[in-house]
Amino acid sequence: MRKLLVLACCAFGPLFAAEPSPLIIAHRGASGYLPEHTLAAKAFAYAQGADYLEQDVVLSKDGVPIVQHDVTLDSTTDVAVRFPGRQRANGSFYALDFTLGELRQLRVVERFNPKTGKSVYPGRFPGGVGEFRINTFEEELQFIQGLNRSTGRRVGIYPEVKLAAWHRQEGHEISKAMLVLLEKYGYASKTDACFIQCFEWEELCRLRGELGWKGRLIFLTGGKSPWTDTTEGLREVAKVVDGIGPPLFAVAEGRNLTGLVARAQAAGLQVHPYTLRNDALPKGFASAREFFGFLAWEAKVDGLFSDFPDVGR
Ligand code: CA
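Residues numbered from 1 in each chain as written. Predicted model: local features only at pLDDT ≥ 70, side-chain atom pairs only at ≥ 80, totals over all residues. Heavy atoms only, no water.

**Let's talk about the overall build of the chain**
- For the chain, the count of helices and strands is 11 helices and 11 strands.
- Against the 2.2 N^0.38 benchmark of 20 Å for 313 residues, the chain shows a C-alpha radius of gyration of 20 Å, consistent with a compact globule.
- Expressed as lengths along the three principal axes of its C-alpha atoms, the size of the chain is roughly 65 × 45 × 40 Å.
- Expressed as a percentage of the 313 residues in the chain, the buried residues total 53%. (Helix = DSSP H or I, 4+ residues; strand = E, 2+ residues; numbered from the N terminus. Rg over C-alpha atoms; globule rule 2.2 N^0.38 Å. Buried < 20%, exposed > 50% of the residue type's maximum accessible area, 1.4 Å probe, protein only.)

Pasting the structure below:
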């Protein structure tokens, strides 16, 4: 029996090998260098050595999961020029009001403020430049698995269920649509290179319960939260999810650790804070590299969302 186990471990060793720490999660791809969530930004992050590539997922009118951070298209595409008059009463253009065929006609550009037209991060990729397109969640899974095959690496995926309750109000079930694709592409258990992330606690419980997701789950928080402020809260959270994704300021204020990482890890949770940005460093750090070192070796985070996946590699 022991011999069999040893053989199995040799055959399947890489499947069970410990993951690097901290994991570098490419936030919307290498979004510090190329427009977020484009396949170009994903390929760049992949080549820079990211361990996981993030997908924010929303639905189209015809129910297709697409990779896009906002449920609106205003800040990252030319929708206002391409489809004038298709905005809702609040002035915003929603992905859910456009079929996939229509979404494919849009150009994706560097994130900008639709009121002023100015880039959100002025030092990044030039605004309005390039021929980038929206891609579906399925296309991105094929893209990453294709790269894994051609490189022999095992880079993971990190999909976020966006505004599940809102999608439901609008008559759509986003988690179910995503799970169909995850199953199709072989992401099912905790040893698969996949974390599903979500800000909505009810939806995480639903994924784990009713929807039967057996893979890893990350609970995103906005900062102060009754779930993460107390040890009891963290223990409850750990019954459902594998880790938490707090904002960086919940982990450390300047160089002062808040203690959240240690408390969460003691409750059995991984901690993957967001987001390292070279062009928006907290006070007290001279470079992104120095900040990365602090998060890795002093704060001891298990993973880190980064717009600049090369930092730390
Ligand atoms: Ca996200």
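Still to come is the rest of the account.
**Things to note about the layout of surface pockets**
- Reported here for the second largest pocket is a volume of approximately 180 Å³.
- Along the walls of the second largest pocket sit Gly223, Lys224, Thr228, Asp229, Phe249, Ala250, Glu253, Thr258, Leu260 and Arg263, which together make up its complete lining.
- When grouped by side-chain class, the residues that make up the lining of the second largest pocket number three nonpolar, three polar and four charged. (1 Å grid on protein atoms, 1.4 Å probe; cavity = no way out; pocket = protein on both sides within 12 Å on 5 of 7 lines; lining within 4 Å. Points joined across faces, edges and corners; volume = space filled by probe spheres on them. Nonpolar A, V, L, I, M, F, W, Y, C, P; charged D, E, K, R; others polar.)

**A few points about the environment of Lys42**
- Residue position: Lys42 is located in helix 2 (residues 39-47).
- For Lys42, a relative accessible area of 0% corresponds to the buried category.
- The contact partners of Lys42, leaving out residues within four places of it in the chain, are Arg28, Gly29, His37, Leu53, Glu54, Gln55, Val67, Glu140 and Phe143. (Contact = heavy atoms within 4.5 Å.)

**Details of the environment of Val301**
- Looking at the secondary structure, you find Val301 in the loop between helix 11 (288-298) and strand 11 (303-306).
- Judged by its relative accessible area of 2%, Val301 falls in the buried class.
- The contacts of Val301, once residues within four sequence positions are left out, are Ser21, Pro22, Val251, Val261, Val271, Pro273, Leu295 and Ala296.

**Thoughts on the packing of helix 5 (residues 137-151) against helix 7 (residues 174-184)**
- For the pair helix 5 and helix 7, the least separation of the axes is 10 Å and the interaxial angle reads 25 degrees. By the criterion of interaxial angle, the relationship of helix 5 to helix 7 is roughly parallel. For the pair helix 5 and helix 7, the crossing hand works out as right-handed. Along its contact with helix 5, which presents Phe137, Glu138 and Leu141, the element helix 7 presents Met178, Leu181, Leu182 and Lys184.
- Residues that form the contact of helix 5 with helix 7 fall into these classes: five nonpolar, no polar and two charged. (Axes fitted to C-alpha atoms, helices over the stretch in contact; angles between N-to-C directions. Parallel < 35°, antiparallel > 145°, perpendicular 65-115°, else oblique. Left-handed = near helix turned anticlockwise from the far one by under 90°.)

**Description of helix 2**
- Listed in full, the buried residues belonging to helix 2 are Ala41, Lys42, Ala45 and Tyr46. Seen along its axis, helix 2 keeps its buried residues to an arc of 140 degrees; they face one direction.
- Against the buried residues of helix 2 lie strand 1 (23-26), strand 2 (52-59), strand 3 (65-67) and helix 5.
- Looking one or two residues past helix 2, Gly49 carries a phi angle of roughly 100 degrees, positive in sign. (Arc of directions from axis to C-beta.)

**Let's talk about the coordination of the calcium ion**
- Note on the calcium ion: its protein donors are Glu54 (OE), Asp56 (OD) and Glu160 (OE). The metal-donor distances range over 2.2 to 2.3 Å.
- Mapping the donors of the calcium ion onto the primary sequence yields the spacing E-x1-D-x103-E. Separated by 104 residues along the polypeptide, Asp56 in strand 2 and Glu160 in strand 4 (residues 156-161) bring together distant segments of the chain. The burial state of Asp56 is the same as that of Glu160; both residues are buried. (Donors = N, O, S within 2.8 Å, 3.2 Å for Na, K, Ca; no water.)

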